[in-house]
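# Remarks on the overall topology
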Amino acid sequence: EKPLSLYVFSTNKETQNAFKSQTSSGSMVVNDAVVHLSVETLPFGGVGASGMGAYHGKYTFTTFSHQKSVLVRDFSAIGEYLGENRYPPYADWKIKRLGLLLKNRKIPNCVSMNLVCFLLGIGFAFAVKLLAENSTFEFLKNM
C-alpha cells in the first residue's frame, strides 16, 4: 500500500532526497505535519488505493501520471517566526496573524509579472552597458 501523505523528519538533505525520489505517496512533507493541506497551490491526492481520479482523454493521462507534492519546512529565523503562531497559547494577536497567513490570495497574473521582469532585465542591461562605457575597470569594458 502507498500512503496518502508521507511525513519525513530529518535535517539531512540526502535522507530527504532519498525519501522524495525512492518512495511513492500522494504527497510528502518534510519537517512538518498537515501544513501542506493549507497550501492551495499544492495538489492533494493519493496513489493507488489511496486515490482514484477522473479518466477519459487527457484526464486519463493526468490521473495516471501522479505529480507528488512536496513541502519542505525551512528552519530559518523567518520561517520559525511565522510558524510560532501555530502553537499554544493562542493569544488574540496570534489568531489575527494566523488569519493573515492563511488568507486566500489571488495568484498574480503571470503575463504582467513576466513583463515586469523582462523590463527590469532590459533596464539592468542598459545600466551595466552605461557603467561599462564610463568605467575605469577593464573587466567591465570587455562586457
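So, here's what we can say about the structure.

What counts, and where the lines are drawn
- Residues numbered from 1 in each chain as written.
- Predicted model: local features only at pLDDT ≥ 70, side-chain atom pairs only at ≥ 80, totals over all residues.
- Heavy atoms only, no water.
- Helix = DSSP H or I, 4+ residues; strand = E, 2+ residues; numbered from the N terminus.
- Buried < 20%, exposed > 50% of the residue type's maximum accessible area, 1.4 Å probe, protein only.
- Salt bridge = Lys/Arg side-chain N within 4 Å of Asp/Glu carboxyl O.
- Pairing = 2+ DSSP bridges.
- Axes fitted to C-alpha atoms, helices over the stretch in contact; angles between N-to-C directions.
- Arc of directions from axis to C-beta.
- Contact = heavy atoms within 4.5 Å.

## A closer look at unusual backbone geometry
The amide bond that connects Pro-88 to the next residue, Pro-89, takes the cis arrangement and shows omega of 0°. Assignment of secondary structure puts Pro-89 in the loop between helix 3 (77-83) and helix 4 (92-101). A positive phi angle, close to 65°, is found at Asn-31, a residue other than glycine. Within the element layout of this structure, Asn-31 appears in the loop between strand 2 (27-30) and helix 2 (58-64). Residue Asn-31 is classed as buried on the basis of its relative accessible area, which comes to 7%.

## With respect to the pattern of salt bridges
This structure, assessed with the given rule, holds three salt bridges. In this structure, Arg-73 and Asp-32 form a salt bridge, with 4.0 Å as the shortest nitrogen-oxygen distance. Of the two residues, Arg-73 is situated in the loop between strand 3 (69-72) and helix 3 and Asp-32 in the loop between strand 2 and helix 2; the sequence distance between them amounts to 41 residues. Pair check on accessibility: Arg-73 and Asp-32 agree, each one buried. Between Arg-86 and Asp-32 there is a salt bridge whose closest N-O contact spans 2.9 Å. Linking Arg-86 in the loop between helix 3 and helix 4 with Asp-32 in the loop between strand 2 and helix 2, this pair joins segments that are 54 residues apart in sequence. Overall, the relative accessible area of 27% leaves Arg-86 in the partly exposed class. One connected set of salt bridges, linked through shared partners, spans Asp-32, Arg-73 and Arg-86.

## Remarks on the sheet that holds strand 3
The strand order across the open sheet built from three strands is 1-2-3, with neighbouring strands paired in parallel fashion. Only two strands of the sheet have a single partner each, and these edge strands are strand 1 (5-8) and strand 3. Across the sheet, the axes of successive neighbouring strands diverge by a mean angle of 15°, strand direction being ignored. Here strand 1 runs beside strand 2; their pairing, made up of four bridges, is parallel. Residue pairing for strand 2: Val-8 is matched across the bridge by Val-30.

## Some words on helix 4
Three or more residues of helix 4 are buried, namely Lys-94, Arg-97 and Leu-98. The buried residues of helix 4 all sit within an arc of 100° when viewed along its axis, so they share a single face. Seen from the buried face of helix 4, the exposed residues on the opposite side, beyond 90 degrees, are Asp-92, Lys-96 and Leu-100. Tucked inside the fold, the buried residues of helix 4 contact helix 3.

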